[in-house]
Amino acid sequence: MTLLVERALREITNHTNLLTGLTHPNDMNAAKEMFKRLHEAGEILIAAEISSWAVINGWQADDARALGALAQQIGMGKKVRITDGPWWNADILETLLKDQ
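Keep in mind that what you see is a predicted model, and the values were worked out from it rather than measured.

A. View of the overall build of the protein chain. Broken down by element type, the protein chain carries 5 helices and 0 strands. Element order for the protein chain, N to C, with α for helix and β for strand: α-α-α-α-α. Computed over C-alpha atoms, the radius of gyration of the protein chain comes to 12 Å, within 12% of the 13 Å expected from 2.2 N^0.38 for 100 residues, which places it in the range of a compact globule. If one aligns the C-alpha atoms of the protein chain with their principal axes, the spans along those axes are about 30 × 30 × 25 Å. Across the 100 residues in the protein chain, those meeting the buried criterion constitute 39%. Across the protein chain, contacts joining residues at least 24 apart in sequence account for 74% of those joining residues at least 6 apart. Put simply, the protein chain shows about 5700 Å² of open surface, and 53% of that area lies on carbon and sulfur atoms. The distance from the centre of the 10 positive side-chain charges to the centre of the 13 negative ones in the protein chain is 5 Å.

Quick look at the structure:
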C-alpha cells in the first residue's frame, strides 16, 4: 500500500462514524469519491490490504471488509454513483502527499 493510499484511508476513517461504518450515505459517498480519485490517480486498491489496515485502525471487521471490497471494485474501474458532494477538496490528493 502506498503512502498516499494510507493517508487517504486515514482521511476516510476520520470522516466516518466507525460505529456505523459506511451505512450512512454521507460516509459511503465520501469513501466512494476518495477511492475514485485514488483510482484515477493510478493507485492500486487491494481489498485485503485495505481491510487489514482498517481493522488495525479501529474499524469493525465487517465494516473493514466492506471498505476493502468497495475500494477494490472502484480500483478495478467499476462505475459508482456519488450523490451530493464533492466530499473532498479538489486538491485532496496533493494535500495528502504534502502532509508529513
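Structure's up, so let's keep going.
B. Here's a closer look at the pattern of salt bridges. According to the stated counting rule, one finds 3 salt bridges in the structure shown. Here E6 ties to R10 by a salt bridge, and the two come within 3.3 Å at their closest N and O atoms. Residue E6 and its partner R10 are located together in helix α1 (residues 3-15), separated by 4 residues, close to a single helical turn. Here E6 falls in the partly exposed class, since its relative accessible area comes to 26%.

C. Looking closely at the packing of α1 against helix α2 (residues 25-40). As a packed pair, α1 and α2 sit with axes 10 Å apart at the nearest point and diverge in direction by 170°. In this view, α1 runs roughly antiparallel relative to α2, as classed from their interaxial angle. Here α1 runs over α2; the crossing is right-handed. For the pair α1 and α2, the contacting residues are L4, V5, A8, L9, E11, I12 and H15 in the first and N26, D27, A30, A31, M34, F35 and L38 in the second. When its residues are assigned to classes, the contact of α1 with α2 shows 10 nonpolar, 2 polar and 2 charged.

Quick notes on the rules
- Residues numbered from 1 in each chain as written.
- Predicted model: local features only at pLDDT ≥ 70, side-chain atom pairs only at ≥ 80, totals over all residues.
- Heavy atoms only, no water.
- Helix = DSSP H or I, 4+ residues; strand = E, 2+ residues; numbered from the N terminus.
- Rg over C-alpha atoms; globule rule 2.2 N^0.38 Å.
- Buried < 20%, exposed > 50% of the residue type's maximum accessible area, 1.4 Å probe, protein only.
- Contact = heavy atoms within 4.5 Å.
- Areas by Shrake-Rupley, 256 points an atom, 1.4 Å probe, with all protein chains shown as cover.
- Lys, Arg positive; Asp, Glu negative; His and termini not counted.
- Charge placed at Lys NZ, Arg CZ, Asp CG, Glu CD.
- Salt bridge = Lys/Arg side-chain N within 4 Å of Asp/Glu carboxyl O.
- Axes fitted to C-alpha atoms, helices over the stretch in contact; angles between N-to-C directions.
- Parallel < 35°, antiparallel > 145°, perpendicular 65-115°, else oblique.
- Left-handed = near helix turned anticlockwise from the far one by under 90°.
- Nonpolar A, V, L, I, M, F, W, Y, C, P; charged D, E, K, R; others polar.

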